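One letter stands for each residue in the lines below.
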Amino acid sequence: MMEERLLSIIAAQFAGEILPEADRVLLEEWLERLPENRREYGRLEQWYQSNAGFRVRKGINCEVAWESILEKKRVADGLRRRRLFRRMAGVAAVLALLVGTGVWMREQGGEEQFYSLKVQEVQLELGDGEKIALPSGMKDLSLAVSGVNAVCDSNRLTYRAGISPAKDETVVYNRLIVPVRAEYRLVLSDGTRVFMNAASELRYPAVFPQGKREVYLKGEAYFEVSRDTSSRFTVKTADMDIEVLGTSFNVNAYTEGSSTMATLISGKVRAVCGGREYDLQPGYQISSDRETGEVNVKEVNTLLYTAWKDGYYYFEAQHLEDIMQMVSRWYGFRVVFQEPKLKELEFSGRLQRYEEVGRLFRKFEQVENIRFIQTGDSVVVCE
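Residues numbered from 1 in each chain as written. Predicted model: local features only at pLDDT ≥ 70, side-chain atom pairs only at ≥ 80, totals over all residues. Heavy atoms only, no water.

Enquirer: Would you mind going over the sheet that holds strand 25 (residues 378–382) in detail, with residue names and values included?
Expert: One open sheet holds the three strands; their spatial order is 22-25-24, and the pairing between them is mixed. Single-partner strands in this sheet number two, and they are strand 22 (334–337) and strand 24 (371–375). Averaged over neighbouring strand pairs, the angle between their axes works out to 25° when direction is ignored. Pairing between strand 22 and strand 25: four bridges, direction parallel. Opposite arginine 334, over in strand 25, you have serine 378 as the bridge partner. This element, helix 7 (residues 320–331), spans strand 22, strand 24 and strand 25 of the sheet and lies at about 160° to strand 22. (Pairing = 2+ DSSP bridges. Helix = DSSP H or I, 4+ residues; strand = E, 2+ residues; numbered from the N terminus. Axes fitted to C-alpha atoms, helices over the stretch in contact; angles between N-to-C directions. Contact = heavy atoms within 4.5 Å.)

Enquirer: Report on helix 2 (residues 21–33), specifying residues and quantitative values.
Expert: Between its first and last C-alpha, helix 2 extends 18 Å over 13 residues, near the 18 Å set by a 1.5 Å rise per residue. Of all the residues in helix 2, the buried ones are Asp23, Leu27, Trp30 and Leu31. Considered in projection along helix 2, the buried side chains sweep an arc of 100° and stay on one side of the axis. Opposite the buried face of helix 2, at more than 90 degrees from it, the exposed residues are Glu32 and Arg33. (Expected span 1.5 Å × (residues − 1). Buried < 20%, exposed > 50% of the residue type's maximum accessible area, 1.4 Å probe, protein only. Arc of directions from axis to C-beta.)

Enquirer: So what's going on with the pattern of salt bridges? Residues and values would help.
Expert: This model, assessed by the stated rule, comprises 15 salt bridges. For glutamate 214, the salt bridge goes to lysine 212, with nearest N and O atoms at 3.8 Å. On the basis of relative accessibility, which here comes to 41%, the residue lysine 212 falls in the partly exposed class. The residue glutamate 321 makes a salt bridge to lysine 343 at a minimum N-O spacing of 4.0 Å. Of this pair, glutamate 321 sits in helix 7 while lysine 343 sits in the loop between strand 22 and strand 23 (346–352); the two residues are 22 residues apart in sequence, bridging distant segments of the chain. (Salt bridge = Lys/Arg side-chain N within 4 Å of Asp/Glu carboxyl O.)

Enquirer: I'd like to hear about helix 7, residue by residue, with values.
Expert: Here helix 7 is twelve residues long and its end C-alpha atoms lie 16 Å apart, about the 16 Å a rise of 1.5 Å per residue gives. Of all the twelve residues making up helix 7, nine are buried; the element is thus mostly covered by neighbouring parts of the structure. Within helix 7 the residues assigned to the buried category are Leu320, Ile323, Met324, Met326, Val327, Ser328, Arg329, Trp330 and Tyr331. Packing partners of the buried residues in helix 7 comprise strand 21 (312–319), strand 22, strand 23, helix 8 (358–367), strand 24 and strand 25.

Enquirer: Describe the confidence of the model for the protein, with residues and values.
Expert: With 73% of its residues at a pLDDT of at least 70, the protein reaches an overall mean of 77. Ignoring residues within four places in sequence, the model shows residues 52–70, a span with pLDDT below 50, making 52 contacts including any to other chains. pLDDT under 50 marks residues 72–112. Its contacts with residues more than four places away, or in other chains, come to 99 contacts. (pLDDT = per-residue confidence, 0-100.)

Enquirer: Describe the side chain of serine 259, and please don't skip the residues or the numbers.
Expert: Mapped onto the secondary structure, serine 259 falls in strand 16 (residues 259–266). For serine 259, a relative accessible area of 17% gives the class buried.

Enquirer: Please set out the nonpolar core residue by residue, giving values where relevant.
Expert: In summary, soluble globular proteins display a tendency toward joint burial of nonpolar side chains. By size, the foremost hydrophobic cluster in this structure holds 46 residues, and its most contacted members are Leu124, Leu134, Leu157, Leu176, Tyr204, Phe223 and Phe249. Top element by residues in this core is strand 12 (residues 213–224). It accounts for four residues. Leave out the neighbours within four places in its chain, and leucine 157 touches Leu124, Leu134, Leu143, Ala150, Val151, Cys152, Tyr184, Arg185, Leu186, Val187 and Tyr204. Ranked by size, the runner-up nonpolar core spans 27 residues in total, among them Phe195, Trp308, Tyr313 and Phe315. (Core = buried A, V, L, I, M, F, W, Y, C linked by side-chain atoms within 4.5 Å.)

Enquirer: A description of the pairing of strand 14 (residues 241–244) should follow, citing residues and the corresponding values.
Expert: Two strands pair when backbone bridges link them, and strand 13 (residues 233–236) and strand 14 are joined in this way by four bridges, in the antiparallel orientation. Opposite threonine 234, over in strand 14, you have glutamate 243 as the bridge partner. Joining the antiparallel neighbours strand 13 and strand 14 is a turn of four residues. Judged from the three bridges that link them, strand 14 and strand 17 (residues 269–273) form a sheet pairing that is antiparallel. Bridge pairing in strand 17 places isoleucine 242 opposite alanine 271.

Enquirer: Break down the pairing of strand 19 (residues 284–289) for me, citing the residues and quoting the values.
Expert: Examined bridge by bridge, strand 16 and strand 19 share five bridges and lie antiparallel to one another. Looking across to strand 19, one finds that threonine 263 is bridged to glutamine 285. With five bridges connecting them, strand 19 and strand 20 (residues 295–299) associate as antiparallel partners. The residue bridging serine 287 from the neighbouring strand is asparagine 296, located in strand 20. Counted along the chain from strand 19 to the antiparallel partner strand 20, the turn is five residues long, and its residue glycine 293 has a positive phi close to 80°.

Enquirer: Explain the packing of aromatic side chains residue by residue, including any values.
Expert: Going through the model one piece at a time under the given rule, you end up with eleven aromatic pairs. Consider the rings of tyrosine 159 and tyrosine 204, whose centres lie 5.4 Å apart with planes at 85°: the pair is edge-to-face. Within this pair, whereas tyrosine 159 is found in strand 7 (residues 156–159), its partner tyrosine 204 is found in strand 11 (residues 200–205), the two being separated by 45 residues in sequence. Here tyrosine 159 matches tyrosine 204 in class, with each residue buried. Positioned above the aromatic ring of tyrosine 216, the side-chain terminus of arginine 203 is 5.5 Å from the ring centre. Directly above the ring of phenylalanine 195 sits lysine 309, whose terminal nitrogen or CZ lies 5.2 Å from the centroid. (Phe/Tyr/Trp six-rings, centres within 6.5 Å; stacked < 30°, edge-to-face > 60°. Lys NZ or Arg CZ within 6 Å of the ring centre and 35° of its normal.)

Okay, here's the thing in structure tokens:
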């Protein structure tokens with residue numbers, strides 16, 4: 001029997017989600033291990049495609065109902081082995097868990113739509129204040145940005161390495177402004193890659209001066225820093241500075257949040273906040289509370305804080321208030337809680353970023369006595 005993680009990966013793949021790198025590698029290794037694995041994957045995919053267009057309904061045992069469907073198909077085809085039958089039922093169970101409790105049944109009409117996602121334009125602000133719109137999907141646009149060549153291609157702006165100004169020369173800063181309902185990628189002049197989340201801004205030099213690499217972040221971004229032993233890379237936020245030589249990490253510094261957090265994926269970073277220095281190891285996170293000034297360092301599941309850059313939100317026993325803050329920033333609505341106690345409800349799950357958010361709300365409604373009502377540009381959470 002396939003292990004549970006592999007089943008979940010296959011289910012996510014069939015559902016059209018963007019797989020994290022580790023999941024993609026695991027799936028590819030399994031497919032290459034045995035010819036039978038690839039044949040079985042093909043049979044599962046073919047069967048899934050022929051039975052697409054389902055939805056959740058409560059009160060039905062998933063595996064029993066799915067077995068019944070598979071049994072009918074096996075009889076009709078005249079050739080289905082029991083092993084494949086059980087594995088399909090397993091995949092079906094995982095698929096059902098991804099969308100709620102129960103079994104998928106054919107949709108018999110339209111469902112309420114909450115917010116259909118409309119991607120807004122990203123803007124590049126030059127040193128002289130001029131703003132350039134960077135529409136989604138723009139391809140092969142060459143720009144002369146503050147005397148440096150840059151190329152805009154498919155939601156990514158890449159700066160070409162230029163001659164670094166001397167330390168006493170004026171450094172020209174650009175600012176990338178990513179609105180709600182948008183995301184963007186940026187390659188800085190030193191080769192550092194930045195994944196920008198919605199409602200975020202990054203201020204950075206068009207070309208880094210000699211011996212100094214500093215950027216200023218509002219919002220959230222994931223950094224893959226190009227290693228340079230002669231020049232530390234520093235991410236500055238309102239509450240914390242994060243210093244590195246070459247590493248991967250995530251920084252969440254939204255002003256409406258209660259804290260600033262830095263989560264280290266690989267390498268090593270030093271965070272400076274409250275006048276103290278903290279060295280982080282991979283898999284650890286530092287957070288600074290804006291109200292109390294308390295600093296906390298702990299080991300975390302990094303996927304919870306980085307899945308957004310791979311196209312989905314992943315949460316585990318997270319308060320509804322935090323979840324709604326996260327998705328409202330992406331979908332662009334205001335959240336109103338009818339009762340303060342509803343903010344403390346905890347949920348686990350994941351949501352593909354470009355999927356209709358009402359699906360997530362319906363999942364929550366199935367496991368708790370709670371309702372989500374859209375009114376104008378707001379979503380009201382009530383019992």
